[in-house]
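# Per-entry structural report
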Amino acid sequence: QKEVEQDPGPLSVPEGAIVSLNCTYSNSAFQYFMWYRQYSRKGPELLMYTYSSGNKEDGRFTAQVDKSSKYISLFIRDSQPSDSATYLCAMKVQKLVFGQGTRLTINP
Amino acid sequence: SAVISQKPSRDICQRGTSLTIQCQVDSQVTMMFWYRQQPGQSLTLIATANQGSEATYESGFVIDKFPISRPNLTFSTLTVSNMSPEDSSIYLCSVVQGSSYEQYFGPGTRLTVT
């Protein structure tokens, strides 16, 4: 069993839709949770990060962590074509462990 | 956040040769890492580059194949030695600043081995 599981997609939604991206994990020692966005042929860009259960909002993005269920989510509101990218969840105790990444396409 | 640059951005190399990738950060960082991302895959940690001492390698990666240097707090190199087509990947430098847990990535070096 992988430490971090993420549905690789691909996921395709119309512009303006609410997008939900999810990861589950097995290691209860993970303390820090991050979401990266990676455009094609670019390095991963740190999008959001948190270290506690609950929600964290930044503009159109909301990161949610449920440590009791070992489940994290990223919500994108009013999705735009520019949000089309691969989204990677990642978590760490000391080393960062990544999910497989979900390829997201927002259709105009 | 730190600004990270990598050289070269891409290269095409012949089997059996070696390539050294440079990572330069615009400010001092506490930790530097090297990752590999194979086509269509997620990121795999190769090693932690330790300043002034030998790098710490992850399982499946060895110093003879991936020698790493980190002479100071802003610079590191990764060499991919005796390359084979299986080494074709994106190689990414990553850093952590201070006591923060936030980790940032460089733009990557796209390596193709023929």
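Data block above holds the structure.
Our subject in this report is the structure included herewith. Treat the numbers as computed from the prediction; the structure is a model and nothing was measured. (Residues numbered from 1 in each chain as written. Chains lettered and ligands numbered in written order. Predicted model: local features only at pLDDT ≥ 70, side-chain atom pairs only at ≥ 80, totals over all residues. Heavy atoms only, no water.)

## Considerations on unusual backbone geometry
Following G9 of chain A, the chain continues to P10 of chain A via a peptide bond in cis, the omega torsion being 5 degrees. Along the chain, P10 of chain A falls in the loop between β1 (4–6) and β2 (11–14). Here the residue pair K7 of chain B and P8 of chain B is connected by a cis peptide bond, since its omega of -10 degrees sits within 30 degrees of zero. At R41 of chain A, a position not held by glycine, the phi torsion is positive, near 65 degrees. Within the secondary structure layout, R41 of chain A lies in the loop between β4 (32–38) and β5 (45–50). (Helix = DSSP H or I, 4+ residues; strand = E, 2+ residues; numbered from the N terminus.)

## What to know about the state of the cysteines
Overall, the coordinates contain 2 disulfides over all chains when judged by the stated rule. There is a disulfide in this structure between C23 of chain A and C89 of chain A, and the S-S distance comes to 2.0 Å. What sets the handedness of the C23 of chain A and C89 of chain A disulfide is the S-S torsion sign, and at about -105 degrees it is left-handed. Pair noted here: C23 of chain A is in strand β3 (residues 19–25) and C89 of chain A is in strand β9 (residues 85–92), with a separation of 66 residues, a long-range link. In this structure C23 of chain A comes out as buried when scored by relative accessible area, which is 1%. The disulfide partner of C23 of chain B is C93 of chain B, and the S-S distance across this bridge is 2.0 Å. Looking down the S-S bond of the C23 of chain B and C93 of chain B bridge, the torsion is -65 degrees, so its handedness is left-handed. In this pair, C23 of chain B is assigned in strand β3 (residues 19–25) and C93 of chain B in strand β9 (residues 89–96), connecting sequence segments 70 residues apart. Summarising the burial analysis for this pair, C23 of chain B and C93 of chain B share the class buried. The closest cysteine sulfur to the non-disulfide-bonded C13 of chain B is located on C23 of chain B, 18 Å from its own sulfur. (Disulfide = S-S within 2.5 Å. Buried < 20%, exposed > 50% of the residue type's maximum accessible area, 1.4 Å probe, protein only.)

## Here's the deal with the pairing of β5 of chain A
Along a regular strand, successive side chains alternate from one face of the sheet to the other. Residues and elements named next belong to chain A. One ladder, built from 5 bridges, connects β4 with β5; its direction is antiparallel. The residue bridging W35 from the neighbouring strand is M48, located in β5. Count of turn residues in the β4/β5 antiparallel hairpin: 6 residues, of which R41 carries a positive phi of about 65 degrees. (Pairing = 2+ DSSP bridges.)

## Section: the interface of chain B and chain A
Counting residues at the interface gives 17 residues for chain B, matched by 19 residues for chain A. Between chain B and chain A, the buried area comes to about 1,600 Å², and carbon and sulfur atoms account for 55% of it. Of all residues in chain B, Y101, Q103 and F105 of chain B bury the most surface against chain A, accounting for 38% of the area lost on that side. Scanning the region where chain B abuts chain A turns up 1 salt bridge. Among the ionic pairs, E58 of chain B bridges to K95 of chain A, the shortest N-O distance being 2.9 Å. Between chain B and chain A we count 8 residue pairs in polar contact (both at pLDDT 80 or more) in total. At the level of elements, β4 (31–37), β5 (43–49), β9 and β10 (103–105) of chain B are the ones that each hand at least two residues to the side of chain B that touches chain A. Grouping the constituent residues of the side of chain B that touches chain A by class yields 9 nonpolar, 4 polar and 4 charged. (Contact = heavy atoms within 4.5 Å. Buried area = accessible area lost by both parts, 1.4 Å probe. Salt bridge = Lys/Arg side-chain N within 4 Å of Asp/Glu carboxyl O. Polar contact = N/O pair within 3.5 Å; in protein donor to acceptor, adjacent residues only side chain to side chain. Nonpolar A, V, L, I, M, F, W, Y, C, P; charged D, E, K, R; others polar.)

## Here we look at the sheet that holds β3 of chain A
All names here are of chain A. The 5 strands lie next to each other as β1-β3-β8-β7-β6, forming an open sheet whose pairing is antiparallel. The sheet is open, and its two edges are formed by β1 and β6 (54–58), each paired on a single side. Adjacent strand axes in the sheet meet at a mean angle of 15 degrees, parallel and antiparallel pairs treated alike. The pairing of strand β7 (residues 61–66) with strand β8 (residues 71–76) spans 6 bridges and is classified as antiparallel. What sits directly across from A63, in β8, is L74. (Axes fitted to C-alpha atoms, helices over the stretch in contact; angles between N-to-C directions.)

## Section: the pattern of salt bridges
Residue and element names in this part refer to chain A. Summed over all chains, the structure comprises 5 salt bridges over all chains. Ionic pairing is found between R37 and E45, a salt bridge with its closest N-O pair at 3.1 Å. Owing to a relative accessible area of 12%, R37 belongs among the buried residues under this scheme.

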